[in-house]
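# Architecture and fold: a report
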Amino acid sequence: MYKQKETIRLGAKSAQSFGIIDFASKSKKIFYDVEVEKIIENEKQIELFLNVKDNNENRFKKELIFSKSTLSKSASTII
């Protein structure tokens, strides 16, 4: 089980590519601080529970599930 909390800052386009947000604004001034709350991993998938805050102090939680067989190199680097 994942124990250490870390925060990573992503731009809107990167946050959209990882599935954290649905729509990426054209503004280059928007960013998202993503903190991993918990990771659950088994043989087939990785489940991430995230706390997300944008630069306007809006906060939300996001759950992402990645299949290990189709995990991209960039996603595996972040995870």
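Let us look at the structure shown here.

Rules behind the numbers
- Residues numbered from 1 in each chain as written.
- Predicted model: local features only at pLDDT ≥ 70, side-chain atom pairs only at ≥ 80, totals over all residues.
- Heavy atoms only, no water.
- Helix = DSSP H or I, 4+ residues; strand = E, 2+ residues; numbered from the N terminus.
- Buried < 20%, exposed > 50% of the residue type's maximum accessible area, 1.4 Å probe, protein only.
- Lys, Arg positive; Asp, Glu negative; His and termini not counted.
- Salt bridge = Lys/Arg side-chain N within 4 Å of Asp/Glu carboxyl O.
- Contact = heavy atoms within 4.5 Å.
- Pairing = 2+ DSSP bridges.
- Axes fitted to C-alpha atoms, helices over the stretch in contact; angles between N-to-C directions.

### Here we look at unusual backbone geometry
For E57, which is not a glycine, the phi torsion comes out positive at approximately 70°. Relative to the elements of secondary structure, E57 occurs in the loop between β3 (45-54) and β4 (59-67).

### Some words on the side chain of E47
Mapping E47 onto the fold places it in strand β3. Among buried Asp, Glu, Lys and Arg side chains, E47 stands out as unpaired, with K38 the closest opposite charge at 7.8 Å. Contacts of E47, omitting those with residues within four sequence positions, involve K38, I39, I40, E63, L64 and I65.

### A few points about the sheet that holds strand β1 (residues 7-11)
Across the sheet, four strands lie side by side as β1-β2-β3-β4; this open sheet has antiparallel pairing. The strands lining the two open edges of the sheet, one partner per strand, are β1 and β4. On average, adjacent strands in this sheet sit at an angle of 35° to one another, irrespective of strand direction. Where β3 lies against β4, nine bridges are found, and the strand directions are antiparallel. Within the sheet, the bridge partner assigned to E47 lies in β4 and is I65.

### Focus: the environment of F49
Looking at where F49 falls in the secondary structure, it is placed in strand β3. When the C-alpha positions of F49 and V36 are compared, they lie 6.1 Å apart, and in sequence the two are 13 residues distant. Aside from chain neighbours lying at most four places away, what touches F49 is E35, V36, E37, K38, I40, K62 and E63.

Any functional reading would require information beyond the geometric quantities listed.
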